[in-house]
Amino acid sequence: MPSANDETLQQRRGVTSRWRLIERVIEQEIRAGTWRPGARLPAELELAARFEVHRKTIRHALSSLRERNLLRIEQGRGAFVKERLVRHHIDPTSRLSTALRDIHRIGERRVLGFSRVRVERDLGRDLRLDRNHFARKVDTITMVDGLAIAVASSYFPLPRFERIEQIIVETGSFTQAWRRFGVTTYKRHETRISAIALSKADSASLGLPQRQPMILVTNVNVDAAGVPIVLSRVRVAPQHMDLVFNFD
């Protein structure tokens, strides 16, 4: 998508290599917002036609932009503008919403759906519930600057947190919802990290291909008495977030 006032490559060709001129034009467009974070650039053949150069010249320019951390290139999908990573520090009291405010990013959690589920073995172990108990499952998506970066399934023990999903929809906050149930302080008891394949549903929510590898972050939060109040299984797109663990 060239700008009306762009100089042509023919006018500037004597200044430096053609691939470097193309690199400069694309960089200018990225910084001007023509290509937003996460946006896919046109295919190499389209860019070659636009700049009237060989495809190898385009590839050289894109490779340089990748090395400078302005692009990421996915095999079989093309070149994408590098997203601004969210650095989320993992410790007993860290909150993603606080991290976003600290770096002046606009974050929002949206509820995708909720249901009542029977506790299976692993969930019962983490929530300290028998397998014949139930939990309220709340599915959410986290948006940062309008871009979907993670989806999560959170399980709240029942009957203690009956109708908590209604309060979460109303307030958009787990913390405010817990306060309605008398939980004024809580902390993270455990975090587990693993890698998973992206499900069809998560692929649709995040706008990513199913073969995209995801980071699964499993969190268990407890109240002041050490009783579990939620287990969250968060699927994070690795190109969007850095997870930082603090040991102090």
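Residues numbered from 1 in each chain as written. Predicted model: local features only at pLDDT ≥ 70, side-chain atom pairs only at ≥ 80, totals over all residues. Heavy atoms only, no water.

We now examine the packing of helix 2 (residues 18–32) against helix 4 (residues 55–67). Any two packed helices are characterised by the angle at which their axes cross and by the distance between the axes. One way to put it is that helix 2 packs onto helix 4 with a least axis distance of 8 Å and a crossing angle of 55°. Compared by their axis directions, helix 2 and helix 4 come out oblique. When you trace helix 2 past helix 4, the crossing you get is right-handed. Two secondary-structure elements touch here, helix 2 through R18, W19, I22, E23, I26 and E27 and helix 4 through T57, I58, H60, A61, L62, S64 and L65. Of the residues that constitute the contact of helix 2 with helix 4, the class distribution is seven nonpolar, three polar and three charged. (Axes fitted to C-alpha atoms, helices over the stretch in contact; angles between N-to-C directions. Helix = DSSP H or I, 4+ residues; strand = E, 2+ residues; numbered from the N terminus. Parallel < 35°, antiparallel > 145°, perpendicular 65-115°, else oblique. Left-handed = near helix turned anticlockwise from the far one by under 90°. Contact = heavy atoms within 4.5 Å. Nonpolar A, V, L, I, M, F, W, Y, C, P; charged D, E, K, R; others polar.)

Attention now moves to the pairing of strand 2 (residues 78–81). The pairing of strand 1 (residues 71–74) with strand 2 spans four bridges and is antiparallel. Each residue of the ladder has a partner; that of E74, found in strand 2, is G78. Linking strand 1 to strand 2, which pair antiparallel, is a turn of three residues; within it G76 sits at a positive phi near 85°. (Pairing = 2+ DSSP bridges.)

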